[in-house]
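Letter by letter, the chains look like this.
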Amino acid sequence: MSGLYVVGGALRSSLFKQLAEWNSCRKALIVQVNPQTRISEVLLEYDSPADVCPADSPSILFKSATVAGDKLYVCTPTEVLVYQLPGFSLLHYVSLPCFNDLHHVRPTPEGNILVANTGLDLVIEVSPEGKLLREWSVLGEDTWKRFSREVDYRKVPETKPHMSHPNHVFHLGDEVWVTRFEQRDAISLTNPGRRIDIGLQRPHDGHVVGDWIYFTTVDGHLVVANRHTLKVEEVFDLSSIDNHEHLVLGWCRGLVVLEKDKVWVGFTRIRTTRFKENLLWAKEGFETRRKPTHIAFYDLAKRKRLDEIDLEPDGLAVLFSVHNADEALARESPLEKPVGAESSRDNGI
């Protein structure tokens, strides 16, 4: 492969106080990294317009993206942008008053866009022109009893604590699924009652590759479920692979699966947060033994870390997703069952 797209943002500097999460990033970034040459470059810098952001030092960054064919679908906390690849010319732009803390976007087979609207515990479907087509509460509730259609949530700095915090949208056939951070699972939105219990820790990504669904958890596990049985079959603890110094790898999100058991995984340096219960897994040593924001390449079958690339020299401090620049994620090829992993029975799942 010739390169990876890494999606995230650059931090806003502050000499006098620790910035809240919703004030922390000053610029959205997409960096291309060539693992062979170890050359990287910033392909895109983006600053959200003031009319779609909170007034006071809004956090501006790209959250999780999807590469499909020759298009990249990406979101900021309050916007959806669709770029033509490889030149990154803007094709579509959508920003609706209900957008708050968006975490992921992906296209539907019909050409519409699914949006994980995390701040309102919603997944919504919009047209490329910005027409609201469908919406699903990830809690099965009436969203508009807790929130108001009269409020422009793009101007609201944060709605935390979230009751569910949906992170990542994916398809299983015609079904729309989403990962739920607080419930530690993934659920079908279009066929209610179908659920994958991820357990372990709070999940982020959900990537369908052949018969398998790969989930990241924030503490650095890869959880592999069977798409037919909806059962977890394999678990990989990345913090135990070639980590002899017992460093905290970082907030784990962003995944590219290559060649059966070869994966690139993204990690964001651990920083303090008001919601410290989300970091209990990093309690031991995270103040002084933290890795920088980076991507790492693993051979899961051999339980080896093959490569690691620090992204902070490129200015990318917060990482949300990683993508194969050579191959669209939508063209997922069949993948054999991973080998060499811990079994679900060994992990109490």
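Notes on the structure in this doc start here. (Residues numbered from 1 in each chain as written. Predicted model: local features only at pLDDT ≥ 70, side-chain atom pairs only at ≥ 80, totals over all residues. Heavy atoms only, no water.)

1. Quick word on the sheet that holds strand 5 (residues 71-75)
To keep things clear, this is the line we draw: Pairing between strands requires that DSSP locate at least two bridges from one strand to the other. Labels follow the DSSP assignment, with helices taken as runs of H or I lasting at least four residues and strands as runs of E lasting at least two, numbered in each case from the N terminus. Helix axes use the C-alpha atoms of the stretch in contact, all axes being lines fitted to C-alpha atoms, and the angles between their N-to-C directions lie in the range 0 to 180 degrees.
Spatially, the four strands line up as an open sheet ordered 4-5-6-7, and their pairing is antiparallel. The sheet is open, and its two edges are formed by strand 4 (66-68) and strand 7 (89-94), each paired on a single side. Each strand of the sheet is rotated relative to its neighbour by a mean of 20°, with strand direction disregarded. Alignment of strand 5 against strand 6 (residues 80-84), held across five bridges, turns out to be antiparallel. Residue Tyr73 lies in a different strand from strand 6, and its bridge partner there is Val82.

2. Considerations on the environment of Ala317
Put simply, the rule is: Between buried and exposed lies partly exposed: a residue is buried under 20% and exposed over 50% of the maximum accessible area for its type, with that area taken using a 1.4 Å probe on protein chains only.
Mapped onto the secondary structure, Ala317 falls in the loop between strand 23 (304-310) and strand 24 (318-324). Of the residues examined, Ala317 reaches a relative accessible area of 8% and is grouped as buried. Taking the C-alpha atoms as reference, Ala317 lies 8.7 Å from Cys25; in sequence the two are 292 residues apart.

3. Some details on the sheet that holds strand 13 (residues 175-180)
Spatially, the four strands line up as an open sheet ordered 12-13-14-15, and their pairing is antiparallel. For this open sheet the edge positions go to strand 12 (166-172) and strand 15 (195-197), each flanked by a neighbour on one side alone. Along the sheet, successive strands turn relative to each other by an average axial angle of 20°, direction set aside. Pairing of strand 13 with strand 14 (residues 185-188) involves four bridges; the strand directions are antiparallel. Across the sheet, Trp177 pairs through a bridge with Ser188, a residue of strand 14.

4. Some words on the pairing of strand 11 (residues 132-137)
Looking at chain direction, strand 10 (residues 122-126) and strand 11 are connected through five bridges and run antiparallel. Residue pairing for strand 11: Val126 is matched across the bridge by Leu132. Counting the residues in the hairpin turn of strand 10 and strand 11 gives five residues, including Gly130, whose phi is positive at 100°.

5. Let's talk about the side chain of Glu175
Where we set the bar: Polar contact criterion, stated in full: a pair of N or O atoms within 3.5 Å, where within protein one must be able to donate a hydrogen and the other to accept it, and residues adjacent in sequence count only if both atoms are side-chain atoms. Contacts are assigned to residue pairs with any non-hydrogen atoms lying within 4.5 Å of each other.
The residue Glu175 is located in strand 13 in this model. Among the polar contacts listed, one links the side chain of Glu175 to the side chain of Trp177, at a separation of 3.1 Å. Aside from chain neighbours lying at most four places away, what touches Glu175 is Phe170, Ser188, Thr190, Asn191 and Arg194.

6. Observations regarding the packing of aromatic side chains
Which entries qualify depends on this criterion: Side-chain rings of Phe, Tyr and Trp (the six-membered ring for Trp) are treated as a pair once their centres are within 6.5 Å; stacked means planes under 30 degrees apart, edge-to-face means over 60, and tilted covers the remaining angles. Two conditions define a charge sitting above a ring: the NZ of Lys or the CZ of Arg must be within 6 Å of the ring centre, and it must be within 35 degrees of the ring normal.
Under the definition given, this model contains eight aromatic pairs. Taking 6.0 Å as the distance between ring centres and 20° as the angle between the ring planes, the aromatic pair formed by Phe170 and Trp177 counts as stacked. Trp177 matches Phe170 in its accessibility class, with the two residues each being buried. Site record: aromatic cluster; members linked through ring pairs are Tyr5, Tyr83 and Phe88. For Arg253, the ring lying beneath its charged end belongs to Phe320, and the centroid distance is 3.7 Å.

7. Description of the side chain of His323
Structurally, the position occupied by His323 is in strand 24. Residue class for His323 comes out buried when judged on its relative accessible area of 1%. Looking at His323, its side chain comes within polar contact range of the side chain of Ser321, at 2.7 Å.

8. Details of the pairing of strand 14
Along any regular strand, the residues point their side chains to alternate faces of the sheet. By the alternation rule, side chains of strand 14 split into Asp185 and Ile187 and Ala186 and Ser188, which are all buried. Hairpin geometry of strand 13 and strand 14 is characterised by an intervening segment of four residues between the two adjacent antiparallel strands and by a positive phi of about 55° at Arg184. As defined by bridge partners, strand 14 adjoins strand 15 across three bridges and the pair is classed as antiparallel. Bridging from a neighbouring strand, Asp185 pairs with Asp197 of strand 15.

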